[in-house]
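Here is how the chains run, residue by residue.
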Amino acid sequence: MNKQDLRPIHMAQLAALMTTVSLLSVGCGAQQPNKTWPFVYPDNALRSGSPIDLRSLNEKIAGEKGFVKLSADGNSFVLGDGSAARFWAVGSDVYEKSPEEMAQHAKFLAKMGVNMVRLHTQIAPINGGELNAANSKVIDNIWRMVAACKKEGIYLTISPYWANEKDASKWGIEGYPGKTDLWGLLFFDEKLQSGYKAWVKALYAPQNPYTGIPLSKDPAVAIIQVQNEDSLFFWTMQGLRPIQQQNLGRRFGKWLIAKYGSL
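Let us look at the structure shown here. Predicted model only: the values in this text are computed from it and were never measured.

If you trace the three strands from one edge of the open sheet to the other, you get S1-S2-S3, paired in antiparallel fashion. Edge positions in the sheet fall to strand S1 (69-70) and strand S3 (84-85), since each of these pairs with one other strand and no more. Inspection of the sheet shows strand S2 (residues 77-78) paired to S3 by two bridges, in the antiparallel sense. Considered in S3, the bridge of Phe77 is made with Ala85.

Glancing now at the nonpolar core. In this structure, Ile142, Ile158, Trp171, Leu192, Trp199, Leu203 and Leu215 are the most contacted members of the largest nonpolar core, which totals 44 residues. The element that contributes the greatest number of residues to this core is helix H3 (residues 136-151), accounting for eight residues. Contact partners of Leu192, with chain neighbours within four places excluded, come to Tyr161, Trp171, Ile173, Leu182, Leu185, Leu186 and Trp199. The next biggest cluster of nonpolar side chains, apart from the first, holds eight residues, and it includes Leu79, Ala85, Tyr155 and Ala222.

Next up on the list: the pairing of strand S6 (residues 155-159). S6 sits mainly inside the fold: five of its five residues count as buried. Sheet topology note: the strand S5 (residues 116-120)/S6 ladder contains five bridges and is parallel. Across the sheet, the residue bridging to Val117 is Leu156, located in S6. On the question of chirality, the crossover connecting S5 to the parallel S6 by way of H3 is right-handed. Bridge count between S6 and strand S9 (residues 221-224): three bridges; the pairing is parallel. Paired with Thr157 across the strands is Ile223, a residue of S9.

This part is about the environment of Val138. Its place among the elements puts Val138 in helix H3. Linking Val138 and Tyr95, residues 43 residues apart in sequence, is a C-alpha distance of 8.2 Å. Among residues more than four places away in sequence, those in contact with Val138 are Tyr95, Thr121, Gln122 and Ile123.

Criteria and cut-off values
- Residues numbered from 1 in each chain as written.
- Predicted model: local features only at pLDDT ≥ 70, side-chain atom pairs only at ≥ 80, totals over all residues.
- Heavy atoms only, no water.
- Pairing = 2+ DSSP bridges.
- Helix = DSSP H or I, 4+ residues; strand = E, 2+ residues; numbered from the N terminus.
- Core = buried A, V, L, I, M, F, W, Y, C linked by side-chain atoms within 4.5 Å.
- Buried < 20%, exposed > 50% of the residue type's maximum accessible area, 1.4 Å probe, protein only.
- Contact = heavy atoms within 4.5 Å.
- Right-handed = clockwise from strand over helix to strand, strands pointing away.

It is worth stressing that arrangement in space is one thing and function is another; only the former is reported here.
Quick look at the structure:
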């Protein structure tokens, strides 16, 4: 049994332990309805030899075997050397904190057995910025967080964009003059697409000063999510402004004519 095979066993044990603790806390809560059960993580829990320390299950450095890939059957992931990859993942917004807090957080997660973190971020311009001006502060935070997690054998899933409220007053997108949601637009609006390409280029192409390589070439970045919770087949399409509904309809009509000869 290799190290990767051990992960499900340890995770099951840890899950069972947490479930037991949760049930105990509920029981205590029934006797003391006005009180909560405090969870205090001891200051010295990051020490070597901690009773719960799963850090050894992770690689020494995330991506040390190369880029994560799909398995041959396309139903799972494998590490760079072809060995099975089992991801125990969490979402984290600690990328917004200080570098010291990021490093501490990554150490904590690794000891808890986590080997993937999803960073759900917003790198679009803020406060009425120009369309192509990516949020450089958030990008720098992402770079720092990738470096911190990589050192602890933790892979990253990066989600750089969500179409919820944006200040599009300077973006020149038809029907969207100010602060508004942009549901559905990224699929067909060429102006927003050009802005998005500029944002992700600013994120993935430059050298990450904290690792020495761009995110586009960093095998610690396992998954790139294009955007979050939006689709032409999702309820968010109900938020598409009338003028853009017409624009989408015209584009669809042109496609139908090109493919079938007429509407």
